[in-house]
Protein chains: 2
Amino acid sequence: MASHPLHLLVRKLEGGVQLDAEQRQAIYALPHMIRATPAGTYLLREGDPPTICAVLVTGYALRHKITRHGVRQIVSLQIPGEALDFQHLSLHTADHNIQTLTQADLALVPMQAVHDLAARHPAIADAILRHVQIEASIAREWMVNIGRRTARERLAHLLCEFACRLDAQGLVNGEGYELPMTQEQIGDALGLTSVHVNRSIRALEEEGLITRARRVISFPDIQRLRSVADFNDLYLHLRRQD
Amino acid sequence: MASHPLHLLVRKLEGGVQLDAEQRQAIYALPHMIRATPAGTYLLREGDPPTICAVLVTGYALRHKITRHGVRQIVSLQIPGEALDFQHLSLHTADHNIQTLTQADLALVPMQAVHDLAARHPAIADAILRHVQIEASIAREWMVNIGRRTARERLAHLLCEFACRLDAQGLVNGEGYELPMTQEQIGDALGLTSVHVNRSIRALEEEGLITRARRVISFPDIQRLRSVADFNDLYLHLRRQD
DNA sequence: CGTGCCCTTGATGCAAGTCAAGTTCCGTGG
DNA sequence: CCACGGAACTTGACTTGCATCAAGGGCACG
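Residues numbered from 1 in each chain as written. Chains lettered and ligands numbered in written order. Predicted model: local features only at pLDDT ≥ 70, side-chain atom pairs only at ≥ 80, totals over all residues. Heavy atoms only, no water.

Chain A is annotated in an unreviewed UniProt entry as Crp/Fnr family transcriptional regulator from Sphingomonas aurea.

A. Region of interest: the packing of aromatic side chains. Residue and element names in this part refer to chain A. Counting across every chain of the model gives eight aromatic pairs over all chains. Measuring from ring centre to ring centre gives 5.5 Å for Phe 162 and Tyr 177, while their planes differ by 45°; the resulting arrangement is tilted. Taken together, the positions of Phe 162 in helix 5 (residues 151-168) and Tyr 177 in strand 8 (residues 177-178) put the pair 15 residues apart, joining distant regions of the chain. Here Phe 162 and Tyr 177 have matching classes, each one buried. Between Phe 231 and Tyr 235 the ring centres are 5.9 Å apart and the planes differ by 80°, which places this aromatic pair in the edge-to-face class. Here Phe 231 falls in the buried class, since its relative accessible area comes to 9%. Of the aromatic side chains, those joined through ring pairs into one cluster are Tyr 60, Phe 162, Tyr 177 and Phe 219. (Phe/Tyr/Trp six-rings, centres within 6.5 Å; stacked < 30°, edge-to-face > 60°. Helix = DSSP H or I, 4+ residues; strand = E, 2+ residues; numbered from the N terminus. Buried < 20%, exposed > 50% of the residue type's maximum accessible area, 1.4 Å probe, protein only.)

B. Examining the sheet that holds strand 8 of chain A more closely. Residues and elements named next belong to chain A. With antiparallel pairing, the three strands of this open sheet are ordered in space as 8-10-9. The open sheet is flanked by strand 8 and strand 9 (211-213), the only strands paired with a single partner. Where strand 8 meets strand 10 (residues 216-218), two bridges bridge the pair, whose relative direction is antiparallel. Within strand 10, the residue paired with Glu 178 across the bridge is Val 216. (Pairing = 2+ DSSP bridges.)

C. Expanded view of the relation of the copies chain B and chain A. Once chain B is rotated about the relating axis by 180° and shifted along it by 0.0 Å, it coincides with chain A to within an RMSD of 0.0 Å. Look at the turn and shift together and you get a two-fold axis relating the two. Counting the interface residues of chain B, we find that 100% of their copies in chain A are interface residues as well, pointing to one common contact surface. (Least-squares fit on C-alpha atoms with pLDDT ≥ 70 in both. Contact = heavy atoms within 4.5 Å.)

D. Unusual backbone geometry, seen in detail. Residues and elements named next belong to chain A. Unusually for a residue other than glycine, Asp 230 sits at a positive phi of about 60°. Along the chain, Asp 230 turns up in the segment after helix 8 (222-229). Asp 230 sits in the buried class, given a relative accessible area of 17%. Here His 237, not a glycine, exhibits a phi torsion of approximately 50°, which is positive. As for its placement among the helices and strands, His 237 is situated in the segment after helix 8.

E. Geometry of the interface of chain B and chain A. Listed per partner, the contact involves 54 residues of chain B and 54 residues of chain A. For the pair chain B and chain A, the summed buried area comes to about 4,600 Å², and 57% of that belongs to carbon and sulfur atoms. Of all residues in chain B, Arg140(B), Met143(B) and Arg148(B) give up the largest surface area on contact with chain A, accounting jointly for 18% of the area buried on that side. Seen at the junction of chain B and chain A, the total is eight salt bridges. Run the count over chain B and chain A and you get 34 residue pairs in polar contact (both at pLDDT 80 or more). Of all elements in the fold, only strand 5 (72-78), helix 4 (122-148), helix 6 (183-190) and helix 8 (222-229) of chain B reach the threshold of two or more residues within the side of chain B that touches chain A. (Buried area = accessible area lost by both parts, 1.4 Å probe. Salt bridge = Lys/Arg side-chain N within 4 Å of Asp/Glu carboxyl O. Polar contact = N/O pair within 3.5 Å; in protein donor to acceptor, adjacent residues only side chain to side chain.)

F. Quick peek at the environment of Gly176(A). All names here are of chain A. In this fold, Gly 176 is placed in the loop between helix 5 and strand 8. Spatially, the C-alpha atom of Gly 176 lies 21 Å from that of Lys 12, the residues being 164 residues apart in sequence. Setting aside chain neighbours within four positions, we find Gly 176 in contact with Ile 217, Ser 218 and Phe 219.

G. Structural view of the protein's contact with DNA strand C. In the vicinity of DNA strand C there are 17 residues, among which Gln183(A), Asn198(A), Arg202(A), Ala151(B) and Arg214(B) approach most closely. In DNA strand C, atoms within 4 Å of the protein come 78% from sugar and phosphate. Taking Arg202(A), its side chain carries an N or O atom lying 2.6 Å from a phosphate oxygen of DNA strand C. Residue Arg199(B) places a side-chain N or O atom 3.3 Å away from a base oxygen belonging to DNA strand C. Of all the secondary structure elements, the ones that give two or more residues to the surface near DNA strand C are helix 7 (194-206) of chain A together with helix 7 (194-206) of chain B. Counting residues per element, the surface near DNA strand C draws most heavily on helix 7 of chain A, at four residues. Partitioned by chemical class, the residues of the surface near DNA strand C number four nonpolar, seven polar and six charged. (Near = heavy atom within 4 Å. Nonpolar A, V, L, I, M, F, W, Y, C, P; charged D, E, K, R; others polar.)

In structure tokens, the structure reads:
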């Protein structure tokens, strides 16, 4: 079943809650359409009613909000296996925008089917709740990052988080990974300008904390980077006991 | 039943999901102990296992995290009627600290009892999920606030949010309300220093956007304040259709 | 072989931080 | 009822991290 489009979602949900074969099967049996979307596609806009639940099969997505002055804040990054619309399961209006970051393949599941599934399987309802709670935990850590760390620390923290999350989904092979974001997007995620992101990246590079080849970033000394970032992965709740 | 300690929680849960008399009754029947706590009491610490679910009956609480450098970021404010530990219902380790902001009365409910209640009543499970999702939505708006607004805007936004939330719980009587925080705590919530919070408060005051008498703040021109804050209450999901 | 996005770098400005010294407000005990 | 002590608030002088403005430079793609 490793090639089923919802495999990574199941993997993620099982990371926190024990599911039996029947429950796994019920998830795989969810009605869904696969849709390939180009980078930058809006999947949901603030104010819209969420009617379908998109799951990232491949590619990346982000959540963002825009202020009256037209400035953007990215409030979340999503990686393969994550459900983009669990955040709205019991709400009737979207409070933020969801957009693909890269070319992406989505599994589109009717929201009602997710509701029904959760109602039939308490363990799945629990796994969904856990999924939502972990996103909330990540949001809290981002607040700390944006509110209380320097540009260099914020950047290091983002890199550590991305590494951990990709690794947990089995998406890291070598030493580093591709961070598929422009420096402007990184700035929007960290509450900085692209110019300052650029200077901060180069500073980390000169310190030998990261190396870059295009957008592929590697970490010669991950321990030191974590220390700079004040990174503690507890908030990601990667282990079932967390 | 207006005087039942869990009345405000029921009110809050009913704000989003229709509950019938039996479900309401089941919530009121939750086993609980009432405990009065002084200001500043830690209710849960990062890394601890959450075993009880505290509900604020009176008084205020906050969630915060502390960086390696000892700087604090408040990531959430909680008002009467809010459950402090729904955030951890299906997690095994707390990822942040919870502390009372003022003297407070808590209803302490065993976590297991909440679990059982949700398992028996899908509508209540749904209401809990909604409660968690709304907190996540508030967290996203705070990221925007901290990351992309000026000190003056951040402060105005916090004041508007607090006004709306108190009002939704029926806790506002006159023109203004008491904001029971020191300027240092406000700074910790907004990613600012207390000195700068002070200057920003006085700037709002001089502009005629707020008036103060001790910690009671009033808003002579709430529309203008909202406009300054770029405040749109959609993210609070106060109406059932949201 | 342009043309348009990114990335890079320099010069300059400003919002917010830091440091430090009062001042006001209150609770408490004499 | 008043004096004292401590926490919170206020204000000024100075510093700094990041923003802004502006001008290249590289490289992918049609």
